[in-house]
Amino acid sequence: MMAAAARRGPEGPEAGQGGGRRRCRPEPTNPRPGGGRGLCAAAPPVGSAVVAAAGADREGGRRWEAARQRRRPRGTGAAAPREAAAGAAARRSALFQPPEPCQSGARVLALAESSRPSGEAVPQAQAQLSLENLSQKTANHREVETCVICSRVPGLPQWSAAESEGLAAGFRSPLLRSSQDLGTEFALKEIMSSGGAEDDIPQAERKTVTDFCYLLDKSKQLFNGLRDLPQYGQKQWQSYFGRTFDVYTKLWKFQQQHRQVLDNRYGLKRWQIGEIASKIGQLYYHYYLRTSETSYLNEAFSFYSAIRQRSYYSQVNKEDRPELVVKKLRYYARFIVVCLLLNKMDVVKDLVKELSDEIEDYTHRFNTEDQVEWNLVLQEVAAFIEADPVMVLNDDNTIVITSNRLSETGAPLLEQGMIVGQLALADALIIGNCNNQVKFSELTIDMFRMLQALEREPMNLASQMNKPGMQESTEKPARRENPHKYLLYKPTFSQLYTFLAASFKELPANSVLLIYLSATGVFPSGRSDSEGPYDFGGVLTNSNRDIINGDAIHKRNQSYKEMHCLHPGDLYPFTRKPLFIIVDSSNSVAYKNFTNLFGQPLVCLLSPTAYPKALQDQSQRGSLFTLFLNNPLMAFLFVSGLSSMRRGLWEKCQDYLRKINRDIAQLLTHSRSIDQSFLQFFGDEFLRLLLTRFIFCSATMRMHKIFRQETRNYPESYPQLPRDETVENPHLQKHILELASILDVRNVFLENTLDDY
């Protein structure tokens, strides 16, 4: 599997990790003026206090105490100590601020080259000790290259108050140095003495190297600690991320300012600079996963792209070290994931070609056991790129990349007089367990499509400020938050229930929890005397085997109920708050027997349980039902038998589809017999768009000739929608026929559908 290849050891580019990857609630604080403490903001200089703390010898304690006495605030009594304590608290508060997305992360990397003299070759020290060799010589230190949020959830690592205060003040007391620091100091002495007599090295250069090693060591400690953060909740991880970003800011600026000395005395190599930049990109990527803010995803792309443009890993292949080549391959895999999430398919294709060449060279030079796994990575990403069943072409036959995130004109606007609820979508659980479906990095194509359907298009603040009528305004446009999401790939029942409980607990007032299930159906073993919420089966969220067919599931359930089957009754406790459920499964009808026990708004959108034989062969490319919720025009073209379309016609059909969505919104809000739960959810843009697309999907399938063979080919809902006012409304059917006429596919739809009911 891809995950085994891309995260050898503790690292990987996953968007969902063995049972669950999640996002936490968007940060409510507004960006601070001046860029805050983001990685692209100016970091406080690392002063002599850091150097003194990092390079102190056995006499360092006395020197530190003398320096502390000199820094003691002037004044008498307790006022000065209180002011000093308040200043330290303020520094700690500023340090723990979460990072802010900056305009261009690539500008930070550009500064790295500016520190190197123009046209001047940098001399190399005779004895260079690489980052890995330094770690080998460091006693009691185990280097872990990267971090992913793993499934285990131990407690958050605690720092002592003195250590936290020292870091906030920009230095660390020698009294707090651990055996790890002493081992690093011993290794540094070997570095400094390897090129000649230790006394021949200027004191300033000695301090520069020791300070760099301190920052590098501290950055690794914080980075590796990310794995210990809880997978859910929003309070415990934000301060830790803030500290990690702050240290990497100092490390990055420090190597920029002292590149010449680090090249000569430390033997700093370009791939080591690329490794630091890669970890910064990973920090931004994981921050995006926890906040759903696409600006951080753009920052990750900026750093990854700059690594590629500046060829930081170009010299890795010249060294006879397979572990360095694996670093490069993992970088490519992470970069591909970010580009997929940003719909940069042109860049993805270039990266896949480069990755293929790198894998071929890697397997040719080293007789490794992971050749099959890396080849599987290429196969998965190639299938992921080709998952869309319809291509939109320019006049020169180049493919147009379409975005399916919510745009400003995407959801139908609420017109005056529409009476809807004020609920807002705050949390979403996206769960995937379709074994035969295209996937990459533990992200199935259905999960990927629903993920994008629940995000807004990134808003360019600069372009918004330059719009007519906004030049005189000094206020920035209001920041629109995305609902934070948990991505759970094949979670066990206990994992799924844990995330559900955490999301339910933190759900704000007047907010909605959305649950999306894309999984194999589990059917009841036989007729039961009762018809309770556990007697209709459900969906399978996890299995011990990677490949399992429907027959095997049925046989296992003859003796006992499947442990990891999510039944409708399992969700009853969470209906105490507004709940919006989407089930895409062969047994979605099990959720039609829901019961609203607490009177809160509750809606279930259910996929067809079977599709016509002509469409079943395309199931590996993703579910047709989810495709309708993500890109209804592409799904309409697919069921109409079209595989490509010119851009001009595509845009014309999109405009007409927006008109259909506006009419569907009016049908819903003007209906007198519709359940009030639909109207309660209709005030949220995301949910409003999902509801209108669901009705369009249901109406299209009911009018399509090949779908009329069986009633199980139609989507259902709980509560039921009034058919004559929504999915079978003559006005809506007329719109669908007109759209088919624009595409010249009217012959695949029934003209007089009302006569058949």
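About the thresholds
Residues numbered from 1 in each chain as written. Predicted model: local features only at pLDDT ≥ 70, side-chain atom pairs only at ≥ 80, totals over all residues. Heavy atoms only, no water. Helix = DSSP H or I, 4+ residues; strand = E, 2+ residues; numbered from the N terminus. Buried < 20%, exposed > 50% of the residue type's maximum accessible area, 1.4 Å probe, protein only. Contact = heavy atoms within 4.5 Å. Areas by Shrake-Rupley, 256 points an atom, 1.4 Å probe, with all protein chains shown as cover. Patch = residues over 30% accessible without salt bridge, like charges linked within 9 Å, V, L, I, M, F, W, Y side chains within 5 Å. Salt bridge = Lys/Arg side-chain N within 4 Å of Asp/Glu carboxyl O. Core = buried A, V, L, I, M, F, W, Y, C linked by side-chain atoms within 4.5 Å. pLDDT = per-residue confidence, 0-100. Polar contact = N/O pair within 3.5 Å; in protein donor to acceptor, adjacent residues only side chain to side chain. Expected span 1.5 Å × (residues − 1).

Thoughts on the overall build of the chain
On a plain count of helices and strands, the chain comes out with 27 helices and 13 strands. Per-residue burial for the chain yields a buried fraction of 56% across its 757 residues. For the chain, long-range pairs separated by at least 24 residues make up 79% of all intrachain contacts whose partners lie at least 6 apart in sequence. Accessible surface, the chain: about 32500 Å² in total, of which carbon and sulfur atoms supply 49%.

A few points about a nonpolar patch on the surface
Taken together, the side chains of Met391, Ile399 and Ile401 define a hydrophobic patch exposed on the protein surface, amounting to about 230 Å² of accessible area. In this fold, methionine 391 is placed in strand E2 (residues 391-393).

Brief notes about the nonpolar core
Here is a general trend for soluble globular proteins: nonpolar side chains tend to be buried in one another's company. The biggest cluster of nonpolar side chains holds 155 residues, and the ones touching the most others in it are Leu514, Phe580, Ile582 and Leu624. Per-element tally for this core: the top contributor is helix H14 (residues 322-341), with 13 residues. Sequence-distant contacts of isoleucine 582, that is, excluding residues within four places in its chain, are made with Met450, Leu514, Ile515, Tyr516, Leu517, Leu605, Phe625, Leu629 and Leu690.

With respect to the pattern of salt bridges
Opposite charge on two side chains allows them to pair when their charged atoms are near. All told, the structure shown has 22 salt bridges when counted by the stated rule. Put simply, aspartate 361 and arginine 365 hold a salt bridge, and the shortest N to O gap is 3.6 Å. Taken together, the residues span about one helical turn, with aspartate 361 and arginine 365 both in helix H15 (residues 345-365) at a distance of four residues. Note on arginine 365: relative accessible area 31%, which makes it partly exposed.

Here we look at the confidence of the model for the chain
Scored by pLDDT, the chain has a mean of 74; 66% of the residues are at 70 or more. The secondary-structure element of the chain with the lowest mean pLDDT is helix H7 (residues 161-168), recorded at 33, while strand E10 (residues 579-584) shows the highest, at 97. Throughout residues 70-86 the model reports pLDDT below 50, and contacts reaching past four residues in sequence, or to other chains, amount to five contacts. Within the model, the stretch residues 545-558 combines pLDDT values under 50 with 20 contacts to residues more than four positions away or in other chains.

So, the side chain of threonine 363
Counting through the fold element by element, threonine 363 comes out in helix H15. A polar side-chain atom of threonine 363 sits 3.1 Å from the main-chain carbonyl oxygen of glutamate 360.

Observations regarding unusual backbone geometry
Following tyrosine 718, the chain continues to proline 719 via a peptide bond in cis, the omega torsion being -10 degrees. Mapping proline 719 onto the fold places it in the loop between strand E13 (716-718) and helix H27 (730-742).

Notes on helix H13 (residues 294-309)
Over its 16 residues, H13 runs 22 Å from end to end, which matches the ideal 22 Å to within 8%, given 1.5 Å per residue. H13 sits mainly inside the fold: 12 of its 16 residues count as buried. Within the sequence span of H13, burial applies to Thr294, Tyr296, Leu297, Glu299, Ala300, Phe301, Ser302, Phe303, Tyr304, Ser305, Ala306 and Ile307. Two residues or fewer after H13 comes serine 311, characterised by a positive phi angle close to 55 degrees.

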